[in-house]
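Analysis of the macromolecular model
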Amino acid sequence: MELLNLHRIVDVTAAEGPGLRCAVWTQGCSVRCPGCFNPQTWTTRGGFRPAWPDLASRVLAIDGIEGVTLLGGEPFDQPEPLGEFAAAVRAEGLSVMTFTGHVLEELPPSKLLDSTDLLVDGPFLADRPETSRPWVGSVNQRFHFLTGRYDESIFTTPNRLELTIAPDGAIELNGFATTEVLEALLEGDRR
């Protein structure tokens with residue numbers, strides 16, 4: 001059984017895809033886009049290494065989510081164990097959204113691709129920011145509706161930024177916000 005190499009898990013988020021989702025960031029990225037939001041996920045060192053059935057059990061025990069979002073790092077650097085995980089959670093009715101810095105046409109066949117409902121592909125291009133579609137950072141990134149689970153109606157979902165303060169004081173941030181949203185948040189703090 002192959003182990004996963006993961007960076008972080010957020011059990012419930014409204015900022016990483018359609019509906020409430022569990023977000024799973026992988027550790028390790030062969031794409032390494034300049035200006036990446038998560039350069040700490042590039043190296044394969046660090047992170048933690050659960051077996052994919054253990055991750056599936058954890059995710060399936062979360063109440064109220066409609067799916068899982070796989071982000072990076074680069075999920076397609078671990079297509080076998082992530083494919084097993086994705087197939088297992090889909091078999092129980094959850095959706096799977098996967099982000100990749102590769103383009104769909106260059107991805108080899110895999111169980112991960114076969115078990116993905118919504119694929120977002122393309123490298124992040126810092127000089128071509130996206131301002132109208134949710135969850136993506138640059139205009140070249142494409143949404144592929146690989147099953148009938150989602151359609152273009154998801155584009156009405158706003159981008160969100162989530163801040164979590166743990167009981168021990170640790171602060172975690174996830175999601176995506178445009179410059180306008182960040183400026184509005186800062187303006188709100190000044191009142």
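Since we're looking at a predicted model, the values are computed, not measured. (Residues numbered from 1 in each chain as written. Predicted model: local features only at pLDDT ≥ 70, side-chain atom pairs only at ≥ 80, totals over all residues. Heavy atoms only, no water.)

1. Quick notes on the pairing of strand S2 (residues 21–26)
By the criterion of burial, S2 is predominantly enclosed, with six of the six residues buried. Residues of S2 alternate between two faces, with Arg 21, Ala 23 and Trp 25 on one and Cys 22, Val 24 and Thr 26 on the opposite face, all of them buried. In terms of strand pairing, strand S1 (residues 6–13) meets S2 through five bridges, oriented antiparallel. Paired with Leu 6 across the two strands is Thr 26, which belongs to S2. Both S2 and strand S3 (residues 67–71) contribute to a ladder of five bridges, which runs parallel. The residue of S3 that forms the bridge with Trp 25 is Leu 71. (Buried < 20%, exposed > 50% of the residue type's maximum accessible area, 1.4 Å probe, protein only. Helix = DSSP H or I, 4+ residues; strand = E, 2+ residues; numbered from the N terminus. Pairing = 2+ DSSP bridges.)

2. Describing a nonpolar patch on the surface
A cluster of nonpolar residues, Leu 161, Leu 163, Ile 165, Ile 171 and Leu 173, forms a patch on the protein surface that exposes about 510 Å² of accessible area. Contributing elements (two or more residues each) for the nonpolar patch: strand S7 (161–165) and strand S8 (171–175). No other element matches S7, which puts three residues into the nonpolar patch. (Patch = residues over 30% accessible without salt bridge, like charges linked within 9 Å, V, L, I, M, F, W, Y side chains within 5 Å. Areas by Shrake-Rupley, 256 points an atom, 1.4 Å probe, with all protein chains shown as cover. Salt bridge = Lys/Arg side-chain N within 4 Å of Asp/Glu carboxyl O.)

3. Comments concerning the pairing of S3
Counting buried positions along S3 yields five of five residues, so the element is predominantly enclosed. By the alternation rule, side chains of S3 split into Gly 67, Thr 69 and Leu 71 and Val 68 and Leu 70, which are all buried. Taken together, S2, helix H1 (residues 52–60) and S3 form a β-α-β motif whose crossover is right-handed. Bridge analysis of S3 against strand S4 (residues 95–99) gives four bridges, and the strand direction is parallel. (Right-handed = clockwise from strand over helix to strand, strands pointing away.)

4. What to know about the packing of H1 against helix H2 (residues 79–91)
The contact between H1 and H2 brings their axes to 9 Å, and the two run at 30 degrees. Judged by the angle between their axes, H1 and H2 are roughly parallel. Crossing handedness for the pair H1 and H2: right-handed. Within the contact between the two elements, H1 uses Trp 52, Leu 55, Ala 56, Val 59 and Leu 60 and H2 uses Pro 81, Glu 84, Phe 85, Ala 88 and Val 89. (Axes fitted to C-alpha atoms, helices over the stretch in contact; angles between N-to-C directions. Parallel < 35°, antiparallel > 145°, perpendicular 65-115°, else oblique. Left-handed = near helix turned anticlockwise from the far one by under 90°. Contact = heavy atoms within 4.5 Å.)

5. Focus: H1
Listing the buried residues of H1 in full gives Trp 52, Leu 55, Ala 56 and Val 59. Buried residues of H1, seen end-on, are gathered within an arc of 100 degrees and therefore sit on one face of the element. Looking at the buried residues of H1, the elements they touch are S1, S2, S3 and H2. (Arc of directions from axis to C-beta.)

6. Topic: the side chain of Asp 117
With respect to the secondary-structure elements, Asp 117 resides in the loop between helix H3 (111–114) and strand S5 (118–121). There is a polar contact of 2.8 Å between the side chain of Asp 117 and the side chain of Thr 147. Sequence-distant contacts of Asp 117, that is, excluding residues within four places in its chain, are made with Arg 90, Leu 94, Ser 95, Val 96, His 144, Phe 145, Leu 146, Thr 147, Arg 149 and Tyr 150. (Polar contact = N/O pair within 3.5 Å; in protein donor to acceptor, adjacent residues only side chain to side chain.)

7. Things to note about the packing of aromatic side chains
Enumeration over the complete set of coordinates arrives at four aromatic pairs. Considering the side-chain rings of Phe 143 and Phe 155, the 4.9 Å spacing of their centres and the 75 degrees angle between planes classify their relative orientation as edge-to-face. Of this pair, Phe 143 sits in strand S6 (residues 142–145) while Phe 155 is found in the loop between S6 and S7, placing the two residues 12 residues apart along the sequence. Residue class for Phe 143 comes out buried when judged on its relative accessible area of 11%. Judged by its relative accessible area of 24%, Phe 155 falls in the partly exposed class. (Phe/Tyr/Trp six-rings, centres within 6.5 Å; stacked < 30°, edge-to-face > 60°.)

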